[in-house]
Amino acid sequence: MTPPTALVTGASRGLGLALATALNAEGWQLVLDARGGDRLTAAVAGLPFPDLVTALPGDVADPTHRAALAAAVPPGLDLLVANASDLGPSPLPALADLPLDAFQRVLAVNTVAPLALLQLLLPALRRAGGRVLQVSSDAAVEAYAGWGGYGASKAALDQLSRVLAVEEPGLRVYAVDPGDMATEMHQAAFPGEDVGDRPAPESVVPALLRLVSGELPSGRYRAAELAPAGAPA
């Protein structure tokens, strides 16, 4: 029996690596990407079954890289995880001071790239009756000072997810807010502050696996709402 296949972007660290590790441990075939080639290579070497992994370093905002990712996917794709994200400038600036070129980069990585990759992989997702998991943020729905650029990119991603779910009823399409985590990106959002007291990315994975393998309908979810009974929120 052919194992299921997932493509996970931004998989060399943080939540992407935590989810890739869990899927790999369950025998999934993986296509993984990240901007740092050395870091991605080291991450794959630490997985339970690295022989099941195709690792392609590159920038998801680059059309050539996206084409390479799509070419590495088999005819049927069971799961597409849009996890790669760009925070923008650190410290986070007010909208009045947000450089427009930086905002365009945030939109290119967080909103345009997931849609572009989806367009390439939609035939494979349709064949498998697959799932799309878009990693969102509470900044997409709450107004936090300094988070305007990043939050706008994730709000747009949420809307793309909602529309895709309507247009592609044969797929399950999820936008998920993982909550605060102890990650490098979260640390960059709070320079000079120790974010080590936030939950580890691995603690969010059980919630994501409910979306990956459960029967929940398409929609937007908070990881805290999906945590197994008795698990910390």
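Cut-offs used in this document
Residues numbered from 1 in each chain as written. Predicted model: local features only at pLDDT ≥ 70, side-chain atom pairs only at ≥ 80, totals over all residues. Heavy atoms only, no water. 1 Å grid on protein atoms, 1.4 Å probe; cavity = no way out; pocket = protein on both sides within 12 Å on 5 of 7 lines; lining within 4 Å. Points joined across faces, edges and corners; volume = space filled by probe spheres on them. Helix = DSSP H or I, 4+ residues; strand = E, 2+ residues; numbered from the N terminus. Core = buried A, V, L, I, M, F, W, Y, C linked by side-chain atoms within 4.5 Å. Buried < 20%, exposed > 50% of the residue type's maximum accessible area, 1.4 Å probe, protein only. Contact = heavy atoms within 4.5 Å. Axes fitted to C-alpha atoms, helices over the stretch in contact; angles between N-to-C directions. Parallel < 35°, antiparallel > 145°, perpendicular 65-115°, else oblique. Left-handed = near helix turned anticlockwise from the far one by under 90°. Nonpolar A, V, L, I, M, F, W, Y, C, P; charged D, E, K, R; others polar. Phe/Tyr/Trp six-rings, centres within 6.5 Å; stacked < 30°, edge-to-face > 60°. Pairing = 2+ DSSP bridges.

Quick notes on the layout of surface pockets
Now for step 1: Computed from the structure, the largest pocket encloses a volume of approximately 870 Å³.
Now for step 2: Taken together, 45 residues form the lining of the largest pocket, with Ser85, Tyr150, Thr183, Met185 and His186 sitting closest to its centre.
Now for step 3: Among the elements of the structure, helix H1 (14-25), strand E2 (29-34), helix H4 (100-128), helix H5 (148-167) and helix H6 (184-189) are those that each provide at least two residues to the lining of the largest pocket.
Now for step 4: The leading source of residues in the lining of the largest pocket is H6, at five residues.

Some thoughts on the nonpolar core
Now for step 1: In this structure, Leu23, Leu30, Leu32, Leu79, Leu133 and Leu211 are the most contacted members of the largest nonpolar core, which totals 35 residues.
Now for step 2: Residues contacting leucine 133, with those up to four places away along its chain left out, are Leu79, Leu80, Val81, Ala82, Tyr174, Val176, Leu208, Leu211 and Val212.
Now for step 3: Judged by nonpolar contacts, the second largest core, of 17 residues, contains Val31, Leu69, Val73 and Leu125.

Concerning the packing of H1 against helix H7 (residues 205-213)
Now for step 1: Axis separation between H1 and H7 bottoms out at 10 Å; the angle between their running directions is 60 degrees. On the basis of the axis angle, H1 is oblique to H7. At the point where H1 passes H7, the crossing takes the right-handed sense. Residues Leu15, Ala18, Leu19, Ala22 and Leu23 of H1 form the contact with H7, whose own contacting residues are Val205, Leu208, Leu209 and Val212.
Now for step 2: Along the lines of polarity and charge, the residues of the contact of H1 with H7 split into nine nonpolar, no polar and no charged.

Structural notes on the packing of H4 against H5
Now for step 1: For the pair H4 and H5, the least separation of the axes is 8 Å and the interaxial angle reads 15 degrees. As judged from the angle between their axes, H4 and H5 are roughly parallel. Here the hand of the crossing between H4 and H5 comes out right-handed. Between H4 and H5, the contacting residues are Phe103, Val106, Leu107, Asn110, Thr111, Pro114, Leu115 and Leu118 on the first element and Gly149, Tyr150, Ala152, Ser153, Lys154, Ala156, Leu157, Leu160 and Leu164 on the second.

Some points on the packing of aromatic side chains
Now for step 1: With the rule as written, the count across this model stands at three aromatic pairs.
Now for step 2: Where tryptophan 147 meets tyrosine 150, the ring centres are 5.7 Å apart and the plane angle is 70 degrees; that geometry is what we call edge-to-face. Tyrosine 150 matches tryptophan 147 in its accessibility class, with the two residues each being buried.
Now for step 3: Here tyrosine 174 and tyrosine 221 contribute two aromatic rings whose centre-to-centre distance is 5.9 Å and whose plane-to-plane angle is 65 degrees, an arrangement assigned as edge-to-face. Note that tyrosine 174 is positioned in strand E6 (residues 172-177) and tyrosine 221 in strand E7 (residues 219-222), a separation of 47 residues in sequence. Accessibility assignment for this pair places tyrosine 174 and tyrosine 221 in one class, buried.
Now for step 4: Taken together, the ring pairs connect Trp147, Tyr150 and Phe190 into an aromatic cluster.

A word on the sheet that holds E6
Now for step 1: Reading across the sheet, the seven strands line up as E3-E2-E1-E4-E5-E6-E7 and stay open at both edges, with parallel pairing between neighbours. The open sheet is flanked by strand E3 (53-57) and E7, the only strands paired with a single partner. Neighbour-to-neighbour, the strand axes of this sheet turn through a mean angle of 15 degrees, independent of strand direction.
Now for step 2: Pairing geometry for strand E5 (residues 131-135) and E6, over five bridges, is parallel. Each residue of the ladder has a partner; that of arginine 131, found in E6, is arginine 172.
Now for step 3: Its contacts with the sheet place H1 against strand E1 (5-8), E2, E3, strand E4 (79-82) and E5, and it is angled at close to 165 degrees to E2.
Now for step 4: Packing against the sheet, helix H2 (residues 37-45) makes contact with E2 and E3, and its axis sits at approximately 165 degrees to E3.

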